[in-house]
Each structure stands twice: as structure tokens, then as C-alpha cells.
Amino acid sequence: METVSKARAHGGTQGVYKHDAQTTGCPMTFAVFVPPQAEKGPVPVLWYLSGLTCTHANVMDKGEYRKAAADHGVIVVAPDTSPRGPGIPDEEGNWQFGSGAGFYLDATEAPYAKNYKMWSYVTEELPALIAQEFPADLSRQGIFGHSMGGHGALTIALTYPERFKSCSAFAPIAQPSTAGWSKPAFEKYLGSDPAAWRAHDATALIEDGKRFPEILVDQGTADSFLQDGLRPWLLEEACKKAGIALTLNMREGYDHSYFFISTFMADHIAWAAARLK
């Protein structure tokens, strides 16, 4: 693991790191904030998954999470959103697919199957590295994210409910298998059979019997992607039928940007911290 940068913040350390990932077959960069409490021993880990077009840097630069993470004593890990680099298949000019749009799944279709293994990277390879290199208590993990990352957080928590003690999301893609901006990516990554997409669709996972005790979602009412891409009412309906406790906050006047995310970031970290103690 290579240290790209380190900076002191709120008594802790904000770092950026790079390593050669086996799952994605390329170097991967990620950010980790370690709170001051880690000087005395391992602390809980909160995973943040970013949205379309993002890297690790978007939340690190604009998410305003460090004070809350330091106050509550949690490590925050921000992975990249896709494999990158020469030789990685991509569609230049398509911001909804390829570089910056890995959708936190393992592709099965050529030529993407070789590198687009973000599910395995985020759930297996990177956690192993975090456990090895940082003062992380992986018996206490939470996961959250934004948009495409909110979709990833929901599907991962529903798949591994025994691993995570908290799950929340900012403006998640509630049903990516039918949303216009994600369905084409699913077809290219996973093939044309919609049955293969269900493992990466939060509402489908709930319909198929997957459960998580409680979920927090914040959604802006002025989000331009609300009606066609995000559709939180589909998640709300699925959770209601399944008996999952969903807190859905519709935030009047907020959009899809990091102005929205940073406003409610401390709420999500407090939510997670209360369940990680």
C-alpha cells in the first residue's frame, strides 16, 4: 500500500492511499479518515460509497464528515467508484457507464468482467487491506453512500446483514434494474436477463426475502433525478411490505449535490455511530 497523502484534521488523520488491486486488475485509490480515538485502540468503520462520476475525492473534499467522525470515533473509508487506467474498458463520454460508474457489482459480461469487480473489491479485498493496515474494528461496521453509492450501500447491507450494524443513504437509486440511467449499465455488465440483476437491486432483494433491521434515507425534493432515476417511494413500499423500519426524510428544496449531502452528513454519522457502539 502506497501513501499518497496525509493531513491532520480534527485531531485525526485524513489519508489517501493506493494499492494494486487483484479484483479489479489495476491500481485503486481510496481515502481513509482515522479519528483521534484510534490512538487508544481499534475503532468502528463506516464505509462511504460515492455516486456516478465520482472518485474517493468528492466526499473527502466536499462531504464535511471529519468533525462528526472525530466526535463519534469512527473510521470513514471512501473507495473509488470503478476501476481506472489504460487498458480498462470504458465508454468515453458516457458518464453513466464505465469509468466512474462501476455500480458496485461484479460484471459477468465481456469485456467488463475482467476488471469491473467492484462488489468483490468493496466487500472482500479492500476490507482485508483496511483490517491489515488501520486500527479498524471490523466487528463494528456501517455502510452508507450517495446515489449509485446509496444503491451499493443498500444492496451490500441487505446481502450481508450480519456484517453491518448500520445502513443509510443519500438519494439512493432505489430500483436500478428499471431506472433509465442504470438499466443500460446493468445490461452491459450483467447481460440481458433481468433475473441476473435482482441481486443488485435493493427493492428486488427485499422482495426476494433479504432483510436489514432499519434503514435511514435522506432525499431532496428538488433533486432533478428524483422522478425518473431515484424513486424512493419504491424502496418505501418494499420496506413497508417486508416490515423493515425505514426512515425516509424528504428534504424540502434540496438537490442532488454535495451541498445536500454535507448538510445531513453529521446526522448519518450519528445514526451509524449509535448502532456501532
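The structure contained in this document is the topic of the report that follows. (Residues numbered from 1 in each chain as written. Predicted model: local features only at pLDDT ≥ 70, side-chain atom pairs only at ≥ 80, totals over all residues. Heavy atoms only, no water.)

## Topic: the overall build of the chain
Looking only at helices and strands, one finds nine helices and nine strands in the chain. For the chain, the C-alpha radius of gyration of 17 Å lies close to 19 Å, the compact-globule estimate for 277 residues. On the principal axes, the C-alpha backbone points of the chain span a range of 50 × 45 × 35 Å. Sorting the 277 residues of the chain into buried and exposed places 59% on the buried side. Considering only contacts in the chain between residues 6 or more positions apart, those separated by 24 or more positions represent 73%. In the form shown here, the chain has an accessible surface area of approximately 11000 Å², with 49% of it arising from carbon and sulfur atoms. (Helix = DSSP H or I, 4+ residues; strand = E, 2+ residues; numbered from the N terminus. Rg over C-alpha atoms; globule rule 2.2 N^0.38 Å. Buried < 20%, exposed > 50% of the residue type's maximum accessible area, 1.4 Å probe, protein only. Contact = heavy atoms within 4.5 Å. Areas by Shrake-Rupley, 256 points an atom, 1.4 Å probe, with all protein chains shown as cover.)

## Here we look at helix α5 (residues 183-190)
Within the sequence span of α5, burial applies to A185, F186, Y189 and L190. Along α5, the residues classed as buried sweep out an arc of 100° about the axis, all on the same side. Contact partners of the buried residues in α5: α4 (148-159). A positive phi of about 95° marks G191, the residue just after α5. (Arc of directions from axis to C-beta.)

## Side note on the packing of aromatic side chains
Per the stated rule, a full pass over the model turns up 19 aromatic pairs. Here the aromatic rings of F170 and F260 are separated by 6.0 Å at their centres, their planes lie at 85°, and the arrangement is edge-to-face. Residue F170 is located in strand β7 (residues 164-170), and its partner F260 is located in helix α9 (residues 258-276); the two are separated by 90 residues in the primary sequence. The class of F170 is buried, set by a relative accessible area of 0%. Linked through ring pairs, Y48, F144, F170, Y254, F260 and F264 together constitute an aromatic cluster. Over the face of the ring belonging to F97 we find K188, whose NZ or CZ atom lies 4.7 Å from the ring centre. (Phe/Tyr/Trp six-rings, centres within 6.5 Å; stacked < 30°, edge-to-face > 60°. Lys NZ or Arg CZ within 6 Å of the ring centre and 35° of its normal.)

## A few points about the pairing of strand β8 (residues 214-220)
Within β8, six of the seven residues are buried, which leaves it mostly tucked inside the rest of the structure. Sheet analysis places β7 next to β8, joined by three bridges and oriented parallel. Among the inter-strand pairings, S168 is bridged to a residue of β8, identified as L216. Relative to strand β9 (residues 245-251), β8 is paired through seven bridges, and the arrangement is parallel. Considered in β9, the bridge of Q219 is made with M250. (Pairing = 2+ DSSP bridges.)

## Some points on the nonpolar core
One finds F103 and Y189 to be the most contacted residues of the largest nonpolar core, which totals 92 residues. With eight residues, the single largest contributor to this core is α9. When neighbours within four sequence positions are excluded, F103 is seen to be in contact with L52, T81, Q96, M148, H151, I173, W181, S182, A185, F186 and Y189. (Core = buried A, V, L, I, M, F, W, Y, C linked by side-chain atoms within 4.5 Å.)

## Description of α9
Over its 19 residues, α9 runs 25 Å from end to end, which matches the ideal 27 Å to within 8%, given 1.5 Å per residue. Taking the largest bend as the criterion, α9 deviates by roughly 45°, centred on F264. Every buried residue of α9 is listed here: Y258, F260, I261, S262, F264, M265, H268, I269, W271, A272, A273 and L276. Where α9 begins, the side chain of S257 points an oxygen toward the backbone nitrogen of F259, at a separation of 3.1 Å. (Expected span 1.5 Å × (residues − 1). Bend = angle between axes of the 7 residues up to and from the residue. Polar contact = N/O pair within 3.5 Å; in protein donor to acceptor, adjacent residues only side chain to side chain.)

## Let's talk about the pattern of salt bridges
Counting across every chain of the model gives 10 salt bridges. One salt bridge connects R198 with D208, and the closest N-O pair in it is separated by 2.9 Å. Of this pair, R198 sits in the loop between α5 and α6 (202-207) while D208 sits in the loop between α6 and β8, placing them 10 residues apart in sequence. Residue R198 is classed as partly exposed on the basis of its relative accessible area of 30%. The partner of R275 in a salt bridge is E214, and the shortest N-O contact between them spans 2.7 Å. With R275 in helix α9 and E214 in strand β8, the pair connects residues that are 61 residues apart, well separated along the chain. (Salt bridge = Lys/Arg side-chain N within 4 Å of Asp/Glu carboxyl O.)

## What about empty space enclosed by the protein?
Following the criterion strictly, the structure yields one cavity of 30 Å³ or more and no others. The volume enclosed by the largest cavity comes to roughly 30 Å³. Around the largest cavity sit W47, V122, T123, P127, Q141, I143, I156, R163 and F164, which together line it. If you list the elements that add at least two residues to the lining of the largest cavity, you get α3 (118-133) and β6 (136-146). By residue number, the principal contributor to the lining of the largest cavity is α3, which donates three residues. (1 Å grid on protein atoms, 1.4 Å probe; cavity = no way out; pocket = protein on both sides within 12 Å on 5 of 7 lines; lining within 4 Å. Points joined across faces, edges and corners; volume = space filled by probe spheres on them.)

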